[in-house]
Amino acid sequence: MNKRNEDFLKRLLETFKIEADEHTKAITSGLIELEKTSSAEDQTTILETVYRAAHSLKGAARSVDMIDVGTICQSIETVFAELKSKDMAPSAEMVDVILKAVDMA
């Protein structure tokens, strides 16, 4: 790899780290809020926000070949799609598992 490509990749990864940090914070804070709220309307808003953050992080991870991060995000998206469609209800255990997954991402 030439110097120009190495510099580009370095800048791309630095940008990804910043973006990933923002998305993981949004996911984490959303999950914590989800645990605290019982309002169906608020839960719907939170679910959509967390879903979008996971989706955005997945795309960003895939763009820099971080396949494991993308896979974790896909799993989070799947869970939140189920929650959004009311096929499952949020639980403290589910939130704990997703928080651990986000820590791994």
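Use the structure listed above.
Residues numbered from 1 in each chain as written. Predicted model: local features only at pLDDT ≥ 70, side-chain atom pairs only at ≥ 80, totals over all residues. Heavy atoms only, no water.

### Here's the deal with the overall build of the chain
Assigned secondary structure in the chain consists of four helices and zero strands. In the chain, the order of α-helices and β-strands from amino to carboxyl end is α-α-α-α. Once the C-alpha set of the chain is aligned to its principal axes, its extents read approximately 55 × 20 × 20 Å. A burial count over the chain gives 30% of its 105 residues as buried. The long-range share in the chain, meaning contacts at least 24 apart out of those at least 6 apart in sequence, stands at 60%. Just so you have it, the chain exposes about 6,700 Å², and 55% of that area is on carbon and sulfur atoms. (Helix = DSSP H or I, 4+ residues; strand = E, 2+ residues; numbered from the N terminus. Buried < 20%, exposed > 50% of the residue type's maximum accessible area, 1.4 Å probe, protein only. Contact = heavy atoms within 4.5 Å. Areas by Shrake-Rupley, 256 points an atom, 1.4 Å probe, with all protein chains shown as cover.)

### Some details on the nonpolar core
Ranked by size, the top nonpolar core spans 25 residues in total, and within it Phe16, Ile27, Leu31, Leu57, Ile76, Phe80 and Ile98 carry the most contacts. When residues of this core are traced back to their parent elements, those giving at least two are helix 1 (3-36), helix 2 (40-63), helix 3 (67-84) and helix 4 (92-104). By residue number, the principal contributor to this core is helix 2, which donates eight residues. Sequence-distant contacts of Ile98, defined by excluding residues within four places in its chain, comprise Leu31, Ile76, Val79 and Phe80. (Core = buried A, V, L, I, M, F, W, Y, C linked by side-chain atoms within 4.5 Å.)

### Considerations on a nonpolar patch on the surface
Nonpolar side chains collect at one region of the surface, where Leu9, Leu13 and Met66 lie side by side and expose about 200 Å² of accessible area between them. Looking at the element boundaries, Leu13 is found in helix 1. (Patch = residues over 30% accessible without salt bridge, like charges linked within 9 Å, V, L, I, M, F, W, Y side chains within 5 Å. Salt bridge = Lys/Arg side-chain N within 4 Å of Asp/Glu carboxyl O.)

### Considerations on unusual backbone geometry
Most of the time, phi is negative for any residue but glycine, and the peptide bond is trans. Here Asp65, not a glycine, exhibits a phi torsion of approximately 60 degrees, which is positive. Here Asp65 is to be found in the loop between helix 2 and helix 3. The phi dihedral of Lys86 is positive, around 65 degrees, even though this residue is not glycine.

### Focus: the packing of aromatic side chains
For any pair of aromatic rings, the description rests on two quantities: the centre-to-centre distance and the angle between the ring planes. Counted under the stated rule, the structure contains zero aromatic pairs. In this arrangement the basic side chain of Lys84 is found over the ring face of Tyr51, its NZ or CZ atom lying 4.0 Å from the centre. (Phe/Tyr/Trp six-rings, centres within 6.5 Å; stacked < 30°, edge-to-face > 60°. Lys NZ or Arg CZ within 6 Å of the ring centre and 35° of its normal.)

### A closer look at the pattern of salt bridges
Applying the stated rule across the entire model yields five salt bridges. Close ionic contact of Glu48 with Lys84 constitutes a salt bridge, the shortest N to O distance being 2.8 Å. Here Glu48, found in helix 2, pairs with Lys84, found in helix 3; they are 36 residues apart in sequence, far enough to count as distant. Overall, the relative accessible area of 32% leaves Lys84 in the partly exposed class. A salt bridge links Glu77 to Lys58, with the shortest nitrogen-to-oxygen separation between them at 2.7 Å. Taken together, the residues span a long stretch of sequence, with Glu77 in helix 3 and Lys58 in helix 2 at a distance of 19 residues.

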